[in-house]
Each structure stands twice: as structure tokens, then as C-alpha cells.
Amino acid sequence: MDWKEVTIYTTTAGIGPVEALLEEHGVEGYVLEDAADFEEFLKDTEIYWDYVDEDLVREKRAQETCLKIYLPDSGEGAKQYAGIRASLESLKARDEAHAWGRLCTETALTRQEDWEWGWKQYFKPFPVGRSFLIKPSWERVDDAQGRRILEIDPASSFGTGSHDTTQLCMAALERYVRPGDALLDMGTGSGILAIAAAMLGADVRTVVDIDENCLKTARENAEKNHVSIGRGLCGDALRDAGLAEEIGAGYQIIVANIVADVIIGMAPMFAGKLAAGGVLICSGILNERAPEVAAALEQNGFVILSREESKDWSAFAAKK
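Presented here is a report on the structure given in the accompanying data block. All values reported here derive from a predicted model rather than from experimental measurement.

Describing helix α4 (residues 75–94)
1) Next: Compared with an ideal rise of 1.5 Å per residue, which puts 20 residues at 28 Å, α4 spans 29 Å between its outermost C-alpha atoms and is within 8% of the ideal.
2) Next: Of all the residues in α4, the buried ones are G77, Y81, I84, S87, L88 and L91. Down the axis of α4, the sector holding all buried residues measures 130 degrees, keeping them to one side. Pointing more than 90 degrees away from the buried face of α4 are the exposed residues G75, K79 and A93.

Brief notes about the sheet that holds strand β8 (residues 182–186)
1) Next: Strand order in the open sheet formed by seven strands is β10-β9-β8-β11-β12-β14-β13, with mixed pairing between adjacent strands. At either end of the open sheet lies a strand with only one pairing partner, and these are β10 (231–234) and β13 (303–309). In this sheet, neighbouring strand axes are inclined to one another by 15 degrees on average, regardless of whether the strands run parallel or antiparallel.
2) Next: Here β13 runs beside strand β14 (residues 313–319); their pairing, made up of six bridges, is antiparallel. What sits directly across from E308, in β14, is A315.

Thoughts on the nonpolar core
1) Next: Counting residues in hydrophobic clusters, the biggest one holds 35 residues, and the most contacted among them are I134, L150, M170, L173, L183, V204 and I281.
2) Next: Residue assignment for this core shows that the elements contributing at least two residues are β5 (126–128), β6 (132–135), α6 (164–176), α7 (192–199), β9 (203–209), α8 (212–224), β11 (251–257) and β12 (274–286).
3) Next: Here this core takes eight residues from α7, the largest share from any one element.
4) Next: Every residue in contact with L150, bar those within four places of it in the chain, is listed here: F132, L133, I134, K135, M170, I192, I195, A196, M199 and N225.
5) Next: Among the nonpolar cores identified, the runner-up in size contains 33 residues, and M186, A244, A267 and L297 belong to it.

Overview of the pattern of salt bridges
1) Next: Per the counting criterion, the structure on display carries 13 salt bridges.
2) Next: A salt bridge links D203 to R205, with the shortest nitrogen-to-oxygen separation between them at 2.8 Å.
3) Next: Classification of D203 as partly exposed rests on a relative accessible area of 31%.
4) Next: For R205, a relative accessible area of 42% puts it in the partly exposed group.
5) Next: Here R307 and E309 are joined by a salt bridge, their closest N and O atoms 3.4 Å apart.
6) Next: Using a relative accessible area of 36% as the deciding quantity, one classes R307 as partly exposed.
7) Next: Overlapping salt bridges bring together D261, R289 and E292 as one network.

Considering the pairing of β12
On a regular strand, one side chain projects to one face of the sheet and the next to the other, so that they alternate.
1) Next: Burial analysis of β12 places 11 of its 13 residues in the buried class, the great majority of the element.
2) Next: Tracing the backbone out of β11, into helix α10 (residues 260–273) and back to the parallel element β12 gives a crossover that is right-handed.
3) Next: Bridge analysis of β12 against β14 gives six bridges, and the strand direction is antiparallel. Each bridged residue has a counterpart across the sheet, and for V279 the counterpart in β14 is K319.

Reading the values: rules and limits
- Residues numbered from 1 in each chain as written.
- Predicted model: local features only at pLDDT ≥ 70, side-chain atom pairs only at ≥ 80, totals over all residues.
- Heavy atoms only, no water.
- Helix = DSSP H or I, 4+ residues; strand = E, 2+ residues; numbered from the N terminus.
- Expected span 1.5 Å × (residues − 1).
- Buried < 20%, exposed > 50% of the residue type's maximum accessible area, 1.4 Å probe, protein only.
- Arc of directions from axis to C-beta.
- Pairing = 2+ DSSP bridges.
- Axes fitted to C-alpha atoms, helices over the stretch in contact; angles between N-to-C directions.
- Core = buried A, V, L, I, M, F, W, Y, C linked by side-chain atoms within 4.5 Å.
- Contact = heavy atoms within 4.5 Å.
- Salt bridge = Lys/Arg side-chain N within 4 Å of Asp/Glu carboxyl O.
- Right-handed = clockwise from strand over helix to strand, strands pointing away.

This is how it looks when you write it as C-alpha cells:
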């Protein structure tokens, strides 16, 4: 079956009335794009970004709040759509203050195969570092050519292995992880780095992320790969002293694929949590910020072992 994508334009104030309208017409699921969420996101996560693309900011701020629904491309779906449009006209007539926006619709046809599979054609197995082959669950690999297969599916969490920062960290893990090393993963995302470390023999004891969904996704991905990634802790260790203490210490390896400002801010914490001779692997660092990160690490007693870089990004390995 094909589907009709219906976009209903409104405002943040109009979300509630439109939700009620859709419920009356038997629509229980929708995608909400609230323009106010982007401003809140920028405010709440400012510390985690080295930069935000100005063109993206302008584009997002120009977008209207909308709700997207999917109706079957059939006679029954057409009837449902007609009813929704009539109700929107009635809602618009009641909105004397014009607080609920345009309350108009746009439609597009979405084919079933595009809905389910279209985006997946772009995620194919690929090698990373000396020993890994990253693949999604729906792709079959007949000959891994001696590489370890790490299966990861794109979900709501960052980290499919395709980004330079992830690959730089994985290559560093191959170089520095020894079997039995106690490991801490700060900013675990999809869990890919913790999983890679576990496959290399590390004792992954703790993974941390500010998003609870990331911890759930990381655990699911670890189960797919038949490894353990220890306990998951949720929160911001820079701002939550209790969480920072709960993370513990004595790790032989810490991996942190975050951003420069957070790595700089956490440098004293990393120094306190590493065992003597332990190694910090960190990335998410734009090349132009690398000198700042190196200086912060050295000021906190680290010795830089290596700096690897791609076109835009750097990764450090530093020893306590």
C-alpha cells in the first residue's frame, strides 16, 4: 500500500487543538516538528557544540511548526483526509486571534518501498581501522576477509561508524586496548565504541550519555554483537557531581568522542578517573581546536601519545 503524507501547518500554540482534531478523526500517530523546540535545543545544549552552521540555524528558524500524518492512498484515506480538511477550516474560523497559524495542509505521495527501505540503500558494510567491518543488520557479508564484524543499526543515537571522529577513535582503540583493560565510554551514543572495545577484549565497565535513549540503544546494539558494555549512567557529569562520583575511577582506558569544549572541561575529571599509566582517547575535535585540547590535557598531567586527523577532525591519545 502507498501512503499520503499530509503536513498540517500551525504554531506552537496550535499543536494542542490540532492534536485534538486528529484524534477525533482517528489519527493516533503523527510526527511533530515544533519550531520552538529548535530554540530550546540550542539553549540547552550550547556547551556540547563547537559550532552550529549558521545556514542551518536560519533554515530552522524559518520553518513553521507542523504535524505530519500518513493516510492510506485509497478511497478510505481520501475520505478521512476530506474530513480533516473540513475540520481544519472550522478550527480556523474559531481562531479569532490567529494564534494557531495557517492551519492549511500540503500532501505528498510516499510509496511503501520508499517508506520502509529507501534510506537503507545508503548504509552498506565498510571497513574501519585494521580489523573491523561495520555492517547494518539487513546486509549480509559472505567474506569478512578476517575482519571482526560489528553490527550496528542507525537509530536515534549518534554513531554508525561512518563519521571520521568515530573511525579515528576505533583506530586508536585498536592501538591501545589490551585484554582486560577497564574502560569508560563517555558520550556513548549508539554504543559503537564501547562495543568495539569489548570486541578487542576490554572490560567495558561504564557507559555514560546525557540521553536515556542512547543507553537503551547502546545496550541493544551490544546484545546484537554478543558483548557486554557494563552499566549505563545517564546525565551530565560536568554539572552533576553525584554522577561524576558514581562513575568511579581506576580505568585503564577512557574513550570520549564528544566535542572540544566538553573534553577541555572534563580534562581534570579524566585525569582523576584514569589509573596510573592509563590512556585517554578523545575525538569530536575540529582541527582548529586541537591545540586548545592538547594544552588542556597537558595542563592536567597528560602526555600526548598521538594525534591523528582527517580532513576536518582530530583525535588524541594521551597517557596519564
